[in-house]
Every structure is written in C-alpha cells, then in structure tokens.
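# Commentary on secondary and tertiary structure
The residues making up each chain are set out below.
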Amino acid sequence: MNRAALAALLSHWRRRPFQLVTLILGLSLATALWSGVQAINAEARKSYGAAADVLGGGGLAELVRRDGGAISQADFVALRRAGWQVSPVIDGWIRGEAGRVRLLGVDPFTLPEGGSAGALAAGDMTGLLDGALFAHPSTAARLAEATAIDSLAPGIALADLDTAGTLLQTNGFTRLLISDTQPLTRPDLAEIAPDLRIETPETAEDLGRLTDSFHLNLTAFGLLSFAVGLFIVNGAVGLAFEQRRPVFRTLRALGLTAPRLVTFLVLELLLFALLAGILGILLGYLIAATLLPDVAATLRGLYGASVEGQLTLAPAWWLSGLAIACAGTALAAGGGLWRVARMTPLAPARPRAWAMASLNAFRWQLGAAAGCFLIAGAGWGIGGLLGGFTLLGGLLLAAALALPATLAAILSLAARSARAPLSEWFWADTRQQLPGLSLALMALLLALAANIGVGTMVSSFRATFTGWLDQRLVSELYVTLEDEADIPAFTAFMADKSEALLPIWEIEAEVLGAPAEIYGVADHPIYAENWPLLSAHPDTWARMARGEGLLINEQLARREALHPGDTLPLPGGFSMEINGIYSDYGNPIGQVVLPLDVLVARYDGIDRRDFGVLTGDRDLAALRTALIRDYGLPEENLIDQAALKSFSLSIFERTFAVTGALNILTLGVAGLAILTSLLTLAAMRLPQLAPLWALGLTRKDLARIELLRALILAALTFALALPLGLALAWVLLAVINVEAFGWRLPMFLFPGQWLWLFVLSLAAAALAALWPAWQMRRRPPADLIRVFTHER
Amino acid sequence: MNAKTILTTLFVLCATPLGAQGFAGLGQAAEAYALPDPETRFTFPEDHGAHPEFRIEWWYVTANLTGEDGATYGVQWTLFRNALRPGGAPGDQVWMGHAGLATPQGHLFAERFARGGTGQAGVAPAPFAAWIDEWNMTGPDLNTITLTAQGASFRYDLDLAADRPFVPQGADGYSVKSAEGQASHYYSQPFYQVTGTLTFPDREVRVSGQGWLDREWSSQPLAGDQTGWDWISLHLESGEKLMGFQLRDTKGGTYTTGTWITANGTPEPLGTDALRLDEVATTEIGNRSLPTTWDVTLPAKGLEARITVTYPDSWMGTRIPYWEGPVAVTGSHKGVGYLEMSGY
C-alpha cells in the first residue's frame, strides 16, 4: 500500500514535468539568491576581521599621541624601560603598480604574539629584517617588490619598522600596540609619556559598522528575492496539491490514513527541497563569484575596506543554504499540507469555499499591515541606520499586506460601474481570483517598488554626482610627475604652455582619531568660481588666500558635528578654524583642505607629484603631445578632465552594478511567481469558465479575457507600487544615506524609468498569462463539457 | 654555556638553516666576525661591556636562594646579544632577555626582545649597567650589582656583592668547546652573596643565598655536529666551586670539561678526561624526557657527588625552550648549584 501510494503520488510529476521544473526552479532561485548574498557578506566580513587583526594587532589596545602626531622613538624606549610592554607600528600608504596599498611597519622583536606577526612563520622574520615586504598573494600582485604570504590579510603589506620608515619617509611611529601581557609592576602612563593616550583599536566591528548599510542592502535584497522565490514555490506546490486532489481522495478512500498521506507528501517535498537546495547553492556560488569582484571594488572604493575578489566558502554556508531551502519549502507548502490533513475523504475538492474564507484573510492582512505601518513609524522615531531599515522594512511589508484588500476595493468600485453582464462577471471573477493571486501580486509589488526605489536612488545619486564632478574638476589636464625633483623643470616647461599650474598635494594622516586625507589648495580664483561649498564664511576664499583656516568635507563635518567657525585640531599639534564645508560624494573618509603654504610648512612626507593644469583656450591635445614628446612624461601620467570624469563615473557604475543585477533577478522571479499562480488558478477555474462557454463565449474570448485580467492586475499593482517605490527612494536618500554615508542627496524623479518599468511589468504579466491563456484556447471542448457531467 | 640556546635563538629569529643566505652571518661562518684568540687577556672594566665585533655574547646570572619562609628558590637573569650582521653596528644587534624564578609553587619565567641602537637594551661597562626594557643589572661595578626583572606574575629585586676577583675559565679565559677547536672568551664571578626580595601578586618574600655570573662571547662556539649541552655551576659547602659542561654530539659522543675553583678564587682548568657527568634518572617534563639526577665525578679532587634537581618543572618555555633550575649536591661534597640542559 505504501509503495503504491508513493508511486501514485510521484507519478504526478512524471505527467507534469513543467510543474516539477517550476517548483525546483523557484526553490533553487530563492536559495541561490539568498545564499549568494550570504556568501558575499560572509566573505567581506571575514576580510574585515583579518584586516582589523593586522591593523589593530588583533584587538589590542593602542597608545597614540593626543595631538595625532607621530610617537618618537624616545617615548617608545622610555615606556619599555618603565615596564610597559608596547610595540611600535608605522601605518601608511604606498603606491603600488595598481593603486595604493596600506603598509604596516612592525617591530618583530616586540610585536605581541597573536597579532599580525602570528601570521608570519618564524622564517619570514628574517625576510622582514632584510627589508622584505610581505603581502597576501592577491595584494602582492599589486606590488612589484612584495613577497606573497598566504596567512596575511588582503590589502595590506607588512614590513619591518626600518623598511616602512624608509618607504614612508617617517621617523616616528603611528601608534604603539599594548600587549595583553604586562609585567607585575609598572608606573602610570602619565608619569612616562603624558602626551600619549590609550585607545581601543579599530576592530572588525568598526569597519563592519561602516559597511553595515551596504551589507544590509544586500541582505535585504537577498531576503526579498527569497521571499519572492517562495511565492513561486507556493504556487507550484499549491498547483500540485490541487491537481492531485482526486488522487488524494482515492488514496484516502482506499484506506491510506491522513497522517500517512501527509508524511508521504512531506517526504516528497523534503526530497525536492534538498534537490533544489543543492542546485540553489551551486547557483548561489555562481552568483556570488560573479558579483564579488564588483562588491569588492565597491567596498574598496567607497569605504576603503579591503576585500579581495576571491570566494572561499565555509561548510556552514552550504548547510545554511540547504536549511533555508527546507525552511522555505515548509513555509510555502505549510498551508497546502494543512488542507490535505484536514480534508475528509469524500470532500468536494473544489476551491470555492477557500475563496470565501479569504475575505477574512483580507481583514487579517489589513490588521497586520497596520501593525507593520506602526513598526515603520517606530523605526522612523528611533532614527539611526537600524531605525532607517526598520522604517523601510515596515513600510514595504505593510504595503504588501494591504495590497489584496486594496485591490479588492478597487475591483469592487470597478464592478459597481460595470453595466454589461460580461463585464460585471469579469470584475466579480477577478475579485474571486485575488486570494489565489495575491501572493504573486505581493511579490510583484515588492519587486516593482524595490526597482523604483533603488532606481530612483541610484539615478538621483548619479545626477548629483555628475553635476558635482562637472563643478569640481576644474583643471583641463591632470599630471603626475615621476619624481618630486622634477618640479622645477616641469614648472619651467609649463610656464608658457598653461594658464596656471594647480598643485594637488596631499598627505594621509589621522584627524580626530580617524584616518583622513589632508590636501593643500593653491590660491587661484578658479576655486572660488567653481567649487560649490555647502556652508561657508562669506570671505572663505579670501581667508584661504591669506593662509587662514581650512575646508573640510561633508563626511567629516557630519561625523564630528563641525560647522564653519569651529576649530579643528590637526596632526602636528596645531588647530585652524573651519572656513567652509564641501560635498565629497563617494569618499568614505574625512578630508581636510589647507591653504597650500600651510600644508607645505607644517608637514613632511607630502606627495607633491600631482598637478592640475589650467589650459585656458590653448589646445589641450597639443599640450598632451608636448608633455609626452618634448617633456618626456609617460602617457599614463597624464589624464584629462573627460577621462577622469568617465573613470569616476565608471567606478560609480560598478558600485551599483550589483544593485542593478539583483533588481533584474528579483523582477524575473516575481514574473515567475505570477506564472505559477496563474497556472494553479487555471486548473481550478475550469468549473467556473465552463458555464460561460456554455452560454456562448468562445474559448478564444475566454483566453483573451484571462490575458486582459492579468494585464489589469499587473497595471493596478504597478500603480500601487509607484508611490511605494518613491517612498522607498526617499527613505534611502534622506534617511539611510545620511546615516550610512554621511551625506544627503536631493531626490530627482525619472518618469522615463517608470514607463519602462510599467511596460516591463505588463510584459512579465502578459508573458506569465500567455501560457494559461493559450492552454484555455486549446482546451478540448470535451473538458468543458465534462465539468457538467462531473457536477457535484 | 648556552651556546646552543643562543644559536637556536638565531635560528628561530632567522629560521634559516646554517649556510642559507637569508640571514647574513651564520652561513658565512665566522669569517667576517672577530674570532676568540688564545692570546687575548681580559681587561676590566672594558670587557664587562659588549663586544659587538663578535657574533654572540651573554651576561648570565644564576642564584641559589633561601626564603625567610624556609623555601628554596632559584633565580636566573640573562641578557643575550646577537649580531645580525658583522661590523658591530648598534642597529645590527638583537638583544634578548630571559628571566626565570624557580619556586615550590612552580616555575615562572619571562622573555624580552629588543632591536639594538634604540636604547631599549644595552650594556655599559663602567659604571656597570646591563638592561633590556625595565630589567636591570646595574652597579657601580660588576662586583656590586642590583638585579631586577619581572614577568606577569613575579618580580625580583636582588643585591649581589662579591669580594673576590673574576675567574677566567679555560686557558686564561679561552674556553675550548670541541675537539675541533671552537672556543669562546669566558669568565665568571662565582662568589656573589645575594640578598633581596621576591614579589608575587599576593606576597613578598625576603631571600638570601649565593650567586654566579657568567660572561661569555664568541662567534662560532659550537662544532656543526654538536646538538645539546648540559652545564653545571656548583657552590660547594667547602667554599670551592665547580663549573662543568658537556657538549653532546650527533654520534652520542660528548666533549666534557670544566674548571675547579678554589675557595680563594684560583681557577684550575680541567682536562677533557678529568670530569665525568653521568645521567642517573630522568623525569618526563611535558613531552620530553630530561635527566634530573646526575652523578658528577672528579677523581683528581676526590669528588663523587650526586646532583638532584630541586624542581623538575624548571622549564624555560621561552621562544627557544630549555631547562634551567637549581640543584642540590650530595655525596662526597655537599652544596647547591645550577643546572642547564638544552637540546632535549
């Protein structure tokens, strides 16, 4: 009996392979998107952890100078001789062949165990003392002179203190790591080195917090995709259960108990879940491996976080993928199983009662929607990044839950205005189908809203960014000299070939305890004309010309709550007044702009090789040629404004490529959800359509009506998704951006995009409805007649 | 003594076997370094200071102490200097400190490393000072010193005073280490009277006893096939002292020699066949088996003594691990002393 029952149940899938494909596809897609995103997040977090271990010496406390300056060797020795077990670190950036690399100089003799040196084999110490640079293989590839060592964190090069001091041209130490193990007695810090203070180090959590919004974004997308995937599974399972009702009835009538039937169905689903889970994990790996390089580039560019574009996966990840597939199946099939368990052997297996029951469901959903809306409001009240995302999630969920009731209300209104019997039937019948379609429509709503919201955010960002680039890039040509010694010759060469040379000189330093860039700005009227400041003194540029005060970027200002007129302490132990604040999109770290004379007078180790060239109305191409041919500058050391702009934009595009890819995937999944729902309904609806056919409507008419219905529902859903999407965009721009990045962006509207999305959603719905409609049209009249003979 | 230790240190710091080019020095033999010379005679206080033209050097103090609580304690204070490259530049020196405190409650130890040329570690001959971090051996002169070191759970502050001259080991301070002629410059001060305080997290103990200083420098102190080292320094109740060591080679052979020191400080160098060190019993310490009871035989002096380690757990779990701790002497002569065992 058991074997026969199982064979009878499974034979269904042999007869309907397409359904099987839908089920497996939906579940694998859901699992794939979820686990892909998880893999990316895990990889990034792991990199942060490793990086923080090296940077912060593995969670050790540190000593830094109160004024942010370098710590002298004398201070270090005084501390050691007083019993303080501290180890010096020099921290800076060097130029590699492909971008900058962070360089850490360490003292192998005093380095506490378990930190970065723990990653080094004893043998590597020799290399360090001989002046070698060590880096993770992927980072070593960016540095000609570095030796690859697997155990180091990516994105960082390690060297001996002396080597690093030479490369970075510094004598002092950036910080002193404080060992976990300290001797029995030692004097207070204030007695030895009053200029130093103890600081808890940069930890994985700090970097994690910085990039939280990015990962939350990804996770939210993963979750959304998973939810949408579950709608598909729900549709497919519902369809399979619906179509097998006669089989269930027969098996029950033959003596199979309800618990056993349910057990068989659970086993069957488990099998599919595992199968789809494995498939999904493989797909997820592919997704993650494809997207990770972009994500890594984004994190590096946007946050300065080092993540290498290579994927390594933990067993836990595989298992969690399978678990989520099983959990998802259980969630999607729970309702169906429940109904099977409660089904009496001789129940008329038709869905009308189900539809009636859903009026209650609408009411229940509306209540839940109100609850979610309240949660969203609370999130708004809390503020912060978490509050922002609570607001976002609550809003989306509330809208999705309220969707069926809203659609039902709209359809009721439409029905009231209908006059002809056919159109009255059409509206009533559409309403009756809502419960079966509502999950798929919710999925569509969420996908559309996410598309509109994220699309609006990205485009707004893009528009702002482009406009800002146009203003900010004042020089026509940017030049990097080979060596600082070339400056006099270069200046002489350019004397009659340009209107002005604008030095773009900078150093890396710590400002208010966080890494920052300090630039010098020359006194030239073009800045006053072209540099838009967010807030400033009226005579900012005059003051800058006199060497008084400085400018800071919006990120630094927001982080430290600074305003024009405040005084900012700078490394090297001096302070200057803030003249103005400028926007600095895409830059995660603080930036300070000093009058050039002040920068040069105050700091050593400035990188002075970069210049902007104002050509006026001279021929740019000719100047390029002259610089390459006559002056002998390598071509790669020249970049003109247009190229720089397109480079900046390409970084920008790459940043949001992941978002775009996930957007399209989500929409695709939503389309699939509609398809499976419609397929389920099509089979159930035969008894309702047969009378219409008997009254004289052709099968062609019925098919057309089915298609029209799908289009109308999709259009209505889109109409509701539009305001939701815009609300989403507003939350992203005005709440989450400010919290996560430190800048607020103006919101622009892009109706062209909406039109495109509208067409896309109609197409998706039409495509999904086409198959059931075509089936309707080709259905043998005998099927329809049989409805009457089977009338129960 | 401790040549093996220091060489192992070099290996760990450099982790390149002999002959590899990665670390200048070892592979190029000792050519570029100064070599011990049998004709050299010590001049003090200059020779109390560092000899950076040689590759390795140490200032090594051990003390057998008795606490006011009646317990036996052992103290070790060591400063090693290794040259990374020949030439004697301060920046090319690596300093390493080891501190050990043997107690009835267990063996306590700490170690420190320092880069030369920064002031973090160093030695000055007069007034004498040797230091690494907050560990100090300082005095007006090397016969009158204070000795301090500490780890996470112990600290010692000792005063050492000796009233007899320094004792050259080997032939007027030229101490041969193998049949092939590897040697070092080596002198000792075995006559310190010691008083001071041991500090633990929960208590302090006043202690007194006898101390022993070894000063040694060389550039290639071991033959290539010598694998380990057993070294003793004994304070006999008669006032006489015995320093002895045996270097074990890969073929199971030993090179054993030492110095008998009379109560007035006159050294009597021993020939290679005069002294015998025989293992009597071993103890499992961690996953190693170490000889913890020895028979020491010196027929020329009528010495037939047994030495027994006081605390078998006196294991220095430093980056280069070895055993170093106090011993008791029984038999024809009685007394206390220190034993070092490396290469096990």
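Quick notes on the rules
Residues numbered from 1 in each chain as written. Chains lettered and ligands numbered in written order. Predicted model: local features only at pLDDT ≥ 70, side-chain atom pairs only at ≥ 80, totals over all residues. Heavy atoms only, no water. Helix = DSSP H or I, 4+ residues; strand = E, 2+ residues; numbered from the N terminus. Buried < 20%, exposed > 50% of the residue type's maximum accessible area, 1.4 Å probe, protein only. Contact = heavy atoms within 4.5 Å. Areas by Shrake-Rupley, 256 points an atom, 1.4 Å probe, with all protein chains shown as cover. Patch = residues over 30% accessible without salt bridge, like charges linked within 9 Å, V, L, I, M, F, W, Y side chains within 5 Å. Salt bridge = Lys/Arg side-chain N within 4 Å of Asp/Glu carboxyl O. Expected span 1.5 Å × (residues − 1). Bend = angle between axes of the 7 residues up to and from the residue. Axes fitted to C-alpha atoms, helices over the stretch in contact; angles between N-to-C directions. Parallel < 35°, antiparallel > 145°, perpendicular 65-115°, else oblique. Nonpolar A, V, L, I, M, F, W, Y, C, P; charged D, E, K, R; others polar. Pairing = 2+ DSSP bridges. Core = buried A, V, L, I, M, F, W, Y, C linked by side-chain atoms within 4.5 Å. pLDDT = per-residue confidence, 0-100. Polar contact = N/O pair within 3.5 Å; in protein donor to acceptor, adjacent residues only side chain to side chain.

### With respect to the overall build of chain A
- A count of helices and strands for chain A gives 25 helices and 19 strands.
- Among the 792 residues that make up chain A, the fraction classed as buried is 54%.
- Partitioning the intrachain contacts of chain A with sequence separation of at least 6 by distance along the chain shows that 79% fall at a separation of at least 24.
- As presented, chain A carries roughly 33400 Å² of accessible surface, and 62% of it is formed by carbon and sulfur atoms.

### Concerning a nonpolar patch on the surface
- A cluster of nonpolar side chains, W380, W730, M747 and L749 of chain A, forms an exposed patch at the surface whose accessible area comes to about 400 Å².
- W730 of chain A sits in the partly exposed class, given a relative accessible area of 36%.

### Some details on helix α24 (residues 751-778) of chain A
All names here are of chain A.
- With 28 residues, α24 extends 40 Å from end C-alpha to end C-alpha; this agrees with the ideal 40 Å at 1.5 Å per step.
- At L770, α24 is deflected by roughly 35°, the largest bend along its length, and proline P772 occurs up to four residues later in sequence.
- Among the residues making up α24, those that are buried are W754, L757, S761, A764, A765, A768, A769, P772, A773 and M776.

### A look at the packing of helix α1 (residues 2-15) of chain A against helix α9 (residues 245-253) of chain A
Residues and elements named next belong to chain A.
- The contact between α1 and α9 brings their axes to 10 Å, and the two run at 170°. As judged from the angle between their axes, α1 and α9 are roughly antiparallel. Judged by residue contacts, A5, A8 and L9 of α1 engage V247, F248 and L251 from α9.
- Looking at the contact of α1 with α9 residue by residue, the classes come out as six nonpolar, no polar and no charged.

### Overview of unusual backbone geometry
- The omega torsion across F44 of chain B and P45 of chain B is 10°, close enough to zero to call that bond cis.
- Mapped onto the elements, P45 of chain B comes out in the loop between α1 (3-14) and β1 (56-67).
- Put simply, A126 of chain B and P127 of chain B share a cis peptide bond, and its omega is -10°.
- Despite not being glycine, Q169 of chain A has its phi angle at roughly 50°, a positive value.
- Residue placement: Q169 of chain A occurs in the loop between α6 (161-167) and β7 (175-178).
- Taking relative accessible area as the criterion, Q169 of chain A reaches 61% and is therefore assigned exposed.
- Even without glycine at this site, D172 of chain B takes up a positive phi of about 55°.
- Its place among the elements puts D172 of chain B in the loop between β10 (167-168) and β11 (174-176).

### Focus: the sheet that holds strand β18 (residues 610-614) of chain A
Residues and elements named next belong to chain A.
- Pairing is antiparallel across the open sheet formed by four strands, whose spatial order is β10-β18-β9-β19. The two strands at the open ends of the sheet, each matched to only one other strand, are β10 (500-503) and β19 (638-640). The average angle at which neighbouring strand axes cross in this sheet is 25°, direction not considered.
- Across four bridges, strand β9 (residues 477-480) lies against β18 in antiparallel orientation. Counterpart to L477 in the pairing with β18 is V613.
- Running at roughly 175° to β19, helix α20 (residues 620-631) makes contact with β9, β18 and β19 of the sheet.

### Quick look at the side chain of T430 of chain A
- Tracing the sequence through the fold places T430 of chain A in helix α14 (residues 421-472).
- For T430 of chain A, the contacting residues outside a window of four places in its chain are L411, R709 and L713 of chain A.

### A closer look at the pattern of salt bridges
- What the rule picks out here adds up to 28 salt bridges over all chains.
- In this structure, a network of salt bridges that share partners links the residues R80 of chain A together with R112, D133 and E134 of chain B.

### A look at the nonpolar core
- Ranked by internal contacts, the top residues of the largest apolar core, which has 72 residues, are L392, L434, L441, L448, I452, L678 and L732 of chain A.
- Setting aside residues up to four positions removed in sequence, L392 of chain A forms contacts with L728, V731, L732 and I736 of chain A.
- Y73, W77, A149 and L198 of chain B belong to the second-largest nonpolar core, a separate cluster that totals 43 residues.

### Here we look at the confidence of the model for chain A
All names here are of chain A.
- For chain A, per-residue confidence averages 77 on the pLDDT scale, and 79% of positions sit at 70 or higher.
- Across residues 203-207, where pLDDT falls below 50, the model places eight contacts with residues more than four positions away in sequence or in other chains.
- Contacts from residues 351-357, a stretch scored under 50 in pLDDT, to residues over four places away or in other chains number seven contacts.

### Details of the packing of helix α22 (residues 686-694) of chain A against helix α25 (residues 781-789) of chain A
Residue and element names in this part refer to chain A.
- Viewed as axis vectors pointing N to C, α22 and α25 meet at an angle of 105°, and their least axial separation amounts to 9 Å. Considering their axes alone, α22 and α25 lie roughly perpendicular with respect to each other. Where α22 approaches α25, its residues L686, P687, A690, P691, W693 and A694 are matched on the opposing element by P781, D783, L784, I785, V787 and F788.
- Grouping the amino acids of the contact of α22 with α25 by side-chain chemistry returns eleven nonpolar, no polar and one charged.

### Topic: the interface of chain A and chain B
- Each partner contributes to the interface: chain A provides 28 residues, whereas chain B provides 31 residues.
- Put simply, chain A and chain B have four salt bridges between them.
- The partner of D133 of chain B in a salt bridge is R80 of chain A, with the nearest N and O atoms 2.4 Å apart.
- Scanning the region where chain A abuts chain B turns up 13 residue pairs in polar contact (both at pLDDT 80 or more).
- If you list the elements that add at least two residues to the side of chain A that touches chain B, you get α3 (73-81), α4 (122-129) and α6 of chain A.
- Classifying every residue of the side of chain A that touches chain B by side-chain character gives twelve nonpolar, nine polar and seven charged.

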